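Examination of the molecular architecture
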Amino acid sequence: MKKLLLVFTLIGVFGVTSAQKKTSFGLRGGVNISNLSDSNLETKPGVYLGALLNIRFSKLYALQPEIGYSNQGGNTKFSTGSDVEIHYLSISATNKFYVRNTGLHFIIAPSIDFDVDDTPVGIINRDEGNDITFVDVSIAVGLGYEFKNGIGVEARYKRGTVDVFDGDFHNFSQQSIYKEKQQFNEVLQVGISYRFNF
């Protein structure tokens, strides 16, 4: 499943062909309500910001590669606990399926998310990286509406497919609790976008 999502994302981002009819650049941003599955955490508010390239192939379909920042994780319920704070660089291949003659559309968006705190840039400023698996492969589904002036509104539910504390990347010498269950990113995103040259 993870490999399939990865392939679809790469095809979507890099497989733009001459069949495209109309392209427009834009920006998107909004609010994240995130948590980790099978955890004792509470939902955490955050933000997402990014840029997009909308490629309208037909009246019914558009491919929209996206790149941006997404703040995710969860908040502890206990005063002695620690919040989970994750900063992702996200690359998505968003597929938009339109209802004919309207701006209403359905969204399917596979993505690859990189934990920026565990990149070489982040690690060089500390003794070691954080406890988060450095990459996630996610899938989002949602609903949106685009107005004729280029403004759009949307809501997406995003789910990760890689364990946030994956033993393949961490030895858990200090975090044995993470061995018991797998925790996956879960995010509700609500926001707006604007496309230039719409």
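Structural notes, computed from the coordinates. (Residues numbered from 1 in each chain as written. Predicted model: local features only at pLDDT ≥ 70, side-chain atom pairs only at ≥ 80, totals over all residues. Heavy atoms only, no water.)

Topic: the overall build of the protein chain
Tallying secondary structure elements over the protein chain gives 2 helices and 9 strands in all. Start at the N end of the protein chain and walk to the C end: the helices and strands fall as α-β-β-β-β-β-β-α-β-β-β. Relative to its 198 residues, the protein chain shows a buried fraction of 44%. Of the contacts formed within the protein chain by residues at least 6 apart in sequence, a portion of 64% connects residues at least 24 apart. Split by element, the accessible area of the protein chain, about 10,800 Å² in all, is 62% carbon and sulfur. (Helix = DSSP H or I, 4+ residues; strand = E, 2+ residues; numbered from the N terminus. Buried < 20%, exposed > 50% of the residue type's maximum accessible area, 1.4 Å probe, protein only. Contact = heavy atoms within 4.5 Å. Areas by Shrake-Rupley, 256 points an atom, 1.4 Å probe, with all protein chains shown as cover.)

Observations regarding the pairing of strand β9 (residues 185–195)
Residues of β9 alternate between two faces, with Asn185, Val187, Gln189, Gly191, Ser193 and Arg195 buried on one and Glu186, Leu188, Val190, Ile192 and Tyr194 left unburied on the opposite face. Both strand β1 (residues 22–36) and β9 contribute to a ladder of 11 bridges, which runs antiparallel. Each bridged residue has a counterpart across the sheet, and for Arg28 the counterpart in β9 is Ser193. Relative to β9, strand β8 (residues 151–160) runs antiparallel, the two sharing 9 bridges. Of the residues in β9, the one forming a bridge with Gly152 is Ser193. (Pairing = 2+ DSSP bridges.)

Looking at the pattern of salt bridges
In this structure the tally under the stated criterion is 9 salt bridges. A salt bridge links Arg28 to Glu66, with the shortest nitrogen-to-oxygen separation between them at 3.5 Å. Linking Arg28 in strand β1 with Glu66 in strand β4 (residues 61–76), this pair joins segments that are 38 residues apart in sequence. For the residue pair Arg28 and Glu66, the accessibility class agrees, reading buried in each case. Residues Arg156 and Glu66 are paired through a salt bridge, measuring 2.9 Å at the closest nitrogen-oxygen approach. (Salt bridge = Lys/Arg side-chain N within 4 Å of Asp/Glu carboxyl O.)

Brief notes about the nonpolar core
Leu36, Leu41, Val84, Ile86, Tyr88, Ile132, Val164 and Phe165 form the largest nonpolar core, which has 8 residues in total. The residues touching Leu41, leaving out its near neighbours within four places in the chain, are Asn35, Leu36, Gly74, Asn75, Thr76, Lys77, Ser82 and Val84. (Core = buried A, V, L, I, M, F, W, Y, C linked by side-chain atoms within 4.5 Å.)

A short note on the pairing of strand β5 (residues 84–98)
Here is the key point about a regular strand: its side chains alternate between the two faces of the sheet. Sheet topology note: the β4/β5 ladder contains 14 bridges and is antiparallel. Bridge assignment links Ser70 to a residue of β5, and that residue is Tyr88. In sequence, β5 turns back onto strand β6 (residues 104–115) through a hairpin of 5 residues, with Asn101 there showing a positive phi of about 65 degrees.

Some words on the environment of Asp163
Positionally, Asp163 belongs in the loop between β8 and β9. On the basis of relative accessible area, Asp163 is assigned to the buried category, the value being 8%. Remark: the alpha-carbon pair of Asp163 and Lys181, spanning 18 residues in sequence, is separated by 9.0 Å. With sequence-adjacent residues up to four places away left out, Asp163 is seen in contact with Thr133, Lys181, Gln182, Gln183 and Phe184. Looking at Asp163, its side chain comes within polar contact range of the main-chain nitrogen of Phe165, at 3.2 Å. Only 3.0 Å separates the side chain of Asp163 from the backbone nitrogen of Gln183, close enough to count as a polar contact. (Polar contact = N/O pair within 3.5 Å; in protein donor to acceptor, adjacent residues only side chain to side chain.)

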